[in-house]
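Residue strings, one per chain:
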Amino acid sequence: MNDLGRLEEGGQIHELMKIAYPICRSITGDGVRETLAIVQEAIGDTAEMQIHEVESGTPVLDWEVPREWNVREAWLEGPKGRVLDLAEHNLHLMSYSTPVDLRLPLEELQEHLYSLPEQPEVIPYRTSYYVERWGFCLPHAQREALEPGEYHAYIDSSLEPGSLTYGEVTIPGRSRREVLLSTHVCHPSMCNDNLSGVFTLTMLARLLGSVRNLRYTYRLVFVPGTIGSITWLARNQDAAGRIAHGLVVSNLGDAGKFHYKCTPSSDRPIDGCVVRALGRLGHDVQIEPFSPFGYDERQYCSPGFDLPVGSLTRSPWGRYPEYHTSADDLDFVRPEALAQSLEALLGIVGELETARIYRNVEPFAEPQLGRRGLYSSIGGDDSGREKELALLWVLHQCDGARPLADVAARSGVDPERLEWAVNALTEAGLLAEVDA
């Protein structure tokens, strides 16, 4: 991966975010298609994006693809005129609001209004994907200033049979084993969550597409949150078995330090690769255990699939005041933070591409090391025990998937002695290096 060099494309990522910021996105609809078209154009000729349309009503595991939602116009008028308008900010409308053209008093309107008393100057983000309702979101200070009287709520939306749309970029490598990189594309007019993930991954796709002779095949998916990853899994159950490593990326544009959420077992190769890559780049990273709550890693890591997928963010979801509000705007995300995040992803790819991986070719019980001159022929003699222990650690940990750096970290064996053990076992025909 050295041919990629040090990259400073943060400004380009930020410019792409400016283009996509005004689009009203949700888990389905034309907003997702418009956003994916921007992604596709930005990737250019280096890689091809395949757009998938999955019809409403399609069973996807325990779920069903919902009806498609689109909105053309939405506003609220009060006794003194227009109170709020979707045209001014996409967050003013609860996502998936049903059509309405209704006049009602303020007292009845209140149950359809959403605000944040603790953050009175921002608009919150609210959704109702699977229960039909309608609503408007506004700053709490504005809500408290609403005058009594009659209000006119108007929402020109449609909730009809259509499809769920997602994009997929596959960049072939020497191996059929794949690295899955996933991000969600459904949030309207919020930058850190998650235009930062969408367009940092877009830039990564463009760069990887220009690299020749990659070790792994890279599959980058741009999906609506939750239902999108569930749909992808339902349609790719065979391909899921080829996933060797994976990351869900989001919240990559703020100034916070990196956070990495581990796979459920915390010892899959991607876990060590992320830590080593960020360490080599000099980035401080907070390592956190897996939780079945969060982004789409909880779908990829569900027990039936158990894919080796972690999650990389800067500030995690819900831990910064701008999260899911109108304050998550273009000023909140910074080009330099986006550039660092892209560099981090490239570092992780580089770690995966260059990792040395070995396979124990005699994994059924301990092979007889003594007849190969690798074990003492005198029982009870502790001399040379550290070398023998190094041999046993290598045999036990080298499963054809775990990088040698993980074996070193797990065993605590001195690197020089570990290298000796690898060479000795390879010469004895007990260990074989694998490409991926």
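Thresholds, definitions, all that
Residues numbered from 1 in each chain as written. Predicted model: local features only at pLDDT ≥ 70, side-chain atom pairs only at ≥ 80, totals over all residues. Heavy atoms only, no water. Salt bridge = Lys/Arg side-chain N within 4 Å of Asp/Glu carboxyl O. Helix = DSSP H or I, 4+ residues; strand = E, 2+ residues; numbered from the N terminus. Buried < 20%, exposed > 50% of the residue type's maximum accessible area, 1.4 Å probe, protein only. Contact = heavy atoms within 4.5 Å. Phe/Tyr/Trp six-rings, centres within 6.5 Å; stacked < 30°, edge-to-face > 60°. Axes fitted to C-alpha atoms, helices over the stretch in contact; angles between N-to-C directions. Parallel < 35°, antiparallel > 145°, perpendicular 65-115°, else oblique. Left-handed = near helix turned anticlockwise from the far one by under 90°. Arc of directions from axis to C-beta. Pairing = 2+ DSSP bridges. Right-handed = clockwise from strand over helix to strand, strands pointing away.

**What to know about the pattern of salt bridges**
A pair can form between side chains of opposite charge whenever their charged atoms are brought close.
Okay, step 1: Taken as a whole, this structure holds 24 salt bridges when the rule is applied.
Okay, step 2: Here D156 ties to R72 by a salt bridge, and the two come within 3.3 Å at their closest N and O atoms. Highlighted residues: D156 in strand 9 (residues 150-160) and R72 in strand 4 (residues 68-78), separated in sequence by 84 residues.
Okay, step 3: The salt bridge involving R219 is made with E178; its shortest N-O contact spans 2.7 Å. Of this pair, R219 sits in strand 12 (residues 217-223) while E178 sits in strand 11 (residues 178-184), and the two are 41 residues apart along the sequence.
Okay, step 4: Assessed through its relative accessible area of 8%, R219 is described here as buried.
Okay, step 5: When its relative accessible area of 4% is taken as the criterion, E178 is described as buried.
Okay, step 6: Here the salt bridges share partners, and the residues they tie into one network are D30, R33, E53 and E68.

**Description of the environment of V413**
Okay, step 1: Checked against the element boundaries, V413 lands in the loop between helix 12 (404-411) and helix 13 (415-427).
Okay, step 2: Sequence separation between V413 and A390 is 23 residues, and the spatial gap between their C-alpha atoms is 6.3 Å.
Okay, step 3: Among residues more than four places away in sequence, those in contact with V413 are A390, W393, A408 and L418.

**Quick word on helix 6 (residues 227-235)**
Think of an α-helix as 3.6 residues a turn; residues three or four steps apart then line up on the same face.
Okay, step 1: The element helix 6 is largely enclosed, with a buried count of seven among its nine residues.
Okay, step 2: Considered for burial, the residues of helix 6 that qualify are I227, G228, S229, I230, T231, W232 and L233.

**Quick word on the packing of aromatic side chains**
Okay, step 1: Evaluated as defined, the whole model comprises eleven aromatic pairs.
Okay, step 2: Seen from their ring centres, W69 and Y96 are 5.6 Å apart, and the 25° between their planes marks the pair as stacked. Of the two residues, W69 sits in strand 4 while Y96 sits in the loop between strand 5 (81-85) and strand 6 (100-105), which places them 27 residues apart along the sequence.
Okay, step 3: Relative accessible area serves as the criterion here: at 4%, W69 is assigned to the buried category.
Okay, step 4: The exposure class assigned to Y96 is buried, which follows from its relative accessible area of 2%.
Okay, step 5: Aromatic pair W232 and Y300: ring centres 6.1 Å apart, planes at 80°, arrangement edge-to-face. Here the residue W232 occupies a position in helix 6, and Y300 occupies one in helix 9 (residues 297-300), the gap between them amounting to 68 residues.

**Structural notes on the packing of helix 1 (residues 10-20) against helix 5 (residues 191-208)**
Okay, step 1: It is at 9 Å that the axes of helix 1 and helix 5 come closest, and there the two elements cross at 125°. Taken together, the axis directions place helix 1 and helix 5 in an arrangement best described as oblique. Crossing of helix 1 over helix 5 shows right-handed handedness. Mapping the contact onto sequence places Q12, I13, L16, M17 and A20 in helix 1 and C191, L195, S196, F199, T200, M203 and R206 in helix 5.

**Notes on helix 1**
Okay, step 1: Among the residues of helix 1, those classed as buried are G10, I13, H14, L16, M17 and A20. Buried residues of helix 1 fall within an arc of 160° about the axis and therefore sit on the same side.
Okay, step 2: Looking at the buried residues of helix 1, the elements they touch are helix 2 (30-43), helix 5 and helix 10 (335-354).

**Some words on the pairing of strand 15 (residues 285-288)**
Okay, step 1: As defined by bridge partners, strand 14 (residues 258-261) adjoins strand 15 across four bridges and the pair is classed as parallel. Note that in strand 15 the partner of H259 across the bridge is Q286.
Okay, step 2: Taken together, strand 14, helix 8 (residues 269-280) and strand 15 constitute a β-α-β crossover, and its handedness is right-handed.

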